[in-house]
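Geometric and topological summary
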Amino acid sequence: MVVSPPAHIPRDLKVTDEQFLQFVKANPDLRMELTANRELIVMAPAGSESGNFNAELTTDLSVWNRQTRLGVAFDSSTGFRLPNGAIRAPDSAWIIRARWEALTPQQRKGFAPICPDFVLELASESDKIEDLRAKMQEYIDNGCRLGWLIDPRSQQVEIYRPGQPTEVLQSPAALSGETVLPGFILNLQTIFRTF
């Protein structure tokens, strides 16, 4: 069982961008996000199995990206400042090269002010699925073009696209990156076979 870090955040506490940055710097071992309403979220570290699954998925995305050179891939430690002001860190993300290169070098060093074109969230034992669904919708509302919410517990995948209802797949063997990640196929057999 994964235990959350010993942090107690009052529900009504509102955090400024500067305070968030100070908190992140003072607590480099914690995974944190900031909602559009300025609420600080401290996330439990992933369990070993979830960490392995996430590494595998991110590696597949990174290998595809190295081969195509179409964009820039990111792991779960990367925070992005969304247009609504939230600072979110998807488990895996990808941005098309032209959009990434349009950012200044300074913007790329901090929490880049951009919503990824693609995001992947992998539900871990400590995650509440409703919270992840809301986060996925937030990505779509802020400009994401394709999102996958993968839940190994239920062997279910939810696919998010702008202007479309969420598509739910039960135990798919693979996922297609569609036109957002052309030619990318994510094999899910290893993750779903273990349950």
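Right, let's walk through the structure included here. (Residues numbered from 1 in each chain as written. Predicted model: local features only at pLDDT ≥ 70, side-chain atom pairs only at ≥ 80, totals over all residues. Heavy atoms only, no water.)

Some words on the sheet that holds strand 10 (residues 167–170)
Keep this limit in mind: A pair of strands counts as paired when DSSP detects no fewer than two bridges linking them. Helix numbering and strand numbering both begin at the N terminus, where a helix is a DSSP run of H or I of at least 4 residues and a strand a DSSP run of E of at least 2. The axes are straight lines fitted to the C-alpha atoms, using for helices just the contacting stretch, and the angles between their N-to-C directions are given from 0 to 180°. Residue contacts follow a heavy-atom distance rule, with two residues in contact if any of their heavy atoms lie within 4.5 Å.
Read from one edge to the other, the open sheet built from six strands follows the order 3-6-7-8-9-10, with strand pairing classed as mixed. Each edge of the open sheet is held by one strand with a lone partner, namely strand 3 (71–74) and strand 10. Across this sheet, the average inter-strand angle for adjacent strands is 15°, counted without regard to direction. Of the pairings in the sheet, the one linking strand 9 (residues 156–160) to strand 10 comprises four bridges and is antiparallel in character. Bridged to Glu158 within strand 10 is Val168. Docked against the sheet, helix 2 (residues 48–68) engages strand 3, strand 6 (92–96), strand 7 (118–122) and strand 8 (146–151), running at close to 15° with respect to strand 6. Together, strand 7, strand 8 and strand 9 form the strand contacts of helix 5 (residues 129–141), whose direction differs from that of strand 8 by roughly 170°.

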